[in-house]
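Commentary on secondary and tertiary structure
Listed here are the chains, written in short residue letters.
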Amino acid sequence: LIYKQLNEDFPNKVEYQKIPGYVLPPKINKEKIEFIRLQAHLRGVTPWDSYERARYLYILWDKQGYSEKRLSSMTKLNVSEIKSAIKAFQDMEDEYLPKYGKDSSEVFKYSYFVEFEKDKKLQETMRQNGLDLKNFCTWVGTGKIKRAQDVRELRDIMDNKATREIFIRKGYDAAIEELSILEPHLTSSLFENIKKVINGLEKLQSHEITEMRLGHQPAKIKLIEDLQGVSEETL
């Protein structure tokens, strides 16, 4: 219809007179059609909405019996990506959209559910605290989680009783602010690196410590002394 309208509006433009396309043989079977469609959308040059891609993976997996392994070999996505995509689609179809899907734009929150399904430790932490997918849907639907990337920090929030309670009452921003006070290494790359340095020093082997004390590793000694000096100046 769009091409017809453009052809009427611009009758002298060749690009609106024909639509290029591939014509399939008349006797092609359904399985080959599905394969071509899948290849075109998942591996082709045409961008495809991630939610619609997940819908199609789900249809092939649930309705037509394609295994995750077979889908992986066809799409070049790894099995874990396919499982997360299918499960995220199911989460939205079964739990989220029936309650919060009145606005069609809600499907764009699909990426929230992909992040949720990828993080098995988050799911386990939630289960241990009496929380589940329905709670997650409520947090997304009511705006307690405003960005998909915030789901990646949710595990740390859920793992701490104080921040978990703040999150449930006030949302992500208030919880992450509290977490930055209680566990600064979880929210700051600087303090994350400091934590790694502390852990690394604690794991030094006895022979390494002996060598430094005997003066055999002057460069390492200087680094540790510099660290000590900066720490003392800072505090």
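Residues numbered from 1 in each chain as written. Predicted model: local features only at pLDDT ≥ 70, side-chain atom pairs only at ≥ 80, totals over all residues. Heavy atoms only, no water.

Structural notes on the overall build of the protein
Tallying secondary structure elements over the protein gives 14 helices and zero strands in all. For 235 residues, the compact-globule formula gives about 18 Å, and the C-alpha radius of gyration of the protein, at 27 Å, lies well above that figure. Oriented by its inertia axes, the alpha-carbon framework of the protein measures out at about 85 × 45 × 45 Å. In the protein, which comprises 235 residues, the proportion classed as buried is 27%. Considering only intrachain contacts with a sequence separation of at least 6, the fraction spanning at least 24 residues in the protein is 45%. Carbon and sulfur atoms make up 53% of the accessible area of the protein, which totals about 16,300 Å². (Helix = DSSP H or I, 4+ residues; strand = E, 2+ residues; numbered from the N terminus. Rg over C-alpha atoms; globule rule 2.2 N^0.38 Å. Buried < 20%, exposed > 50% of the residue type's maximum accessible area, 1.4 Å probe, protein only. Contact = heavy atoms within 4.5 Å. Areas by Shrake-Rupley, 256 points an atom, 1.4 Å probe, with all protein chains shown as cover.)

Thoughts on the environment of Glu183
Mapped onto the secondary structure, Glu183 falls in the loop between helix H11 (172-182) and helix H12 (189-202). For Glu183, a relative accessible area of 28% gives the class partly exposed. Once the C-alpha coordinates of Glu183 and Asn160 are considered, the two residues, 23 residues apart in sequence, prove to be 9.3 Å apart.

Digging into helix H8 (residues 133-141)
Where H8 is concerned, the buried positions are Leu133, Phe136, Cys137, Trp139 and Val140. Viewed along the axis of H8, the buried residues span an arc of 160 degrees, placing them on a single side of the element. Among the structural elements, helix H5 (79-100), helix H6 (110-118), helix H7 (120-128), helix H9 (151-159) and helix H10 (161-170) are those in contact with the buried residues of H8. Between a side-chain oxygen at the N-terminus of H8 and the backbone nitrogen of Lys134 the separation is 3.1 Å; the capping residue is Asp132. (Arc of directions from axis to C-beta. Polar contact = N/O pair within 3.5 Å; in protein donor to acceptor, adjacent residues only side chain to side chain.)

Section: the side chain of Thr125
In this fold, Thr125 is placed in helix H7. Non-local contacts of Thr125, meaning those with residues more than four positions away in its chain, are made with Arg155, Met158 and Asp159.

So, the pattern of salt bridges
Under the criterion given, the structure shown has 13 salt bridges. The closest approach of N and O atoms between Glu117 and Lys87, which form a salt bridge, is 3.8 Å. With Glu117 in helix H6 and Lys87 in helix H5, this residue pair connects regions lying 30 residues apart in the sequence. The exposure class of Lys87 is partly exposed, given its relative accessible area of 35%. Two residues, Asp119 and Arg155, come together in a salt bridge whose shortest N-O distance is 3.3 Å. A residue pair is termed long-range when its members are at least 10 positions apart, and Asp119 in the loop between H6 and H7 and Arg155 in helix H9 qualify at 36 residues. Residue Arg155 is classed as partly exposed on the basis of its relative accessible area of 30%. Look at the salt bridges and you will find they share partners, linking Lys87, Asp91, Glu117 and Lys120 into a network. (Salt bridge = Lys/Arg side-chain N within 4 Å of Asp/Glu carboxyl O.)

Observations concerning helix H4 (residues 68-75)
Of the positions making up H4, those classed as buried are Leu71, Ser72, Met74 and Thr75. Along the axis of H4, the buried positions cluster into a sector of 165 degrees, meaning they face one direction only. Taken from the residues just after H4, Lys76 is the one with a positive phi, measuring 70 degrees.

Focus on the packing of aromatic side chains
Under the counting rule described, the total for this entry stands at 11 aromatic pairs. Ring geometry for Tyr58 versus Trp61: centroids 6.1 Å apart, planes at 50 degrees, classification tilted. Here Tyr58 and its partner Trp61 are both found in helix H3 (residues 50-63), three residues apart, which amounts to about one turn of the helix. Judged by its relative accessible area of 17%, Tyr58 is buried. Among the aromatic residues, those joined into a ring-pair cluster are Tyr51, Tyr58, Trp61, Phe89 and Tyr110. Across from the ring centre of Phe10, 5.2 Å away, lies the NZ or CZ of Lys13, which sits over that ring. Just above the ring of Tyr66 sits the side chain of Arg70; from NZ or CZ to the centre is 4.0 Å. (Phe/Tyr/Trp six-rings, centres within 6.5 Å; stacked < 30°, edge-to-face > 60°. Lys NZ or Arg CZ within 6 Å of the ring centre and 35° of its normal.)

Observations regarding the nonpolar core
Among soluble globular proteins, nonpolar side chains are generally buried collectively. Counting residues in each nonpolar core, the largest one holds 44 residues, and the members touching the most others are Phe113, Phe136, Trp139, Ile145, Met158 and Phe167. Beyond its immediate sequence surroundings of up to four residues, Phe113 is in contact with Ala88, Asp91, Met92, Tyr96, Leu133, Phe136, Cys137 and Val140. (Core = buried A, V, L, I, M, F, W, Y, C linked by side-chain atoms within 4.5 Å.)

Section: the side chain of Thr163
In this fold, Thr163 is placed in helix H10. Here Thr163 is in contact with Asp156, Ile157, Ala175, Glu178, Leu179 and Leu182, once residues within four sequence places are set aside.

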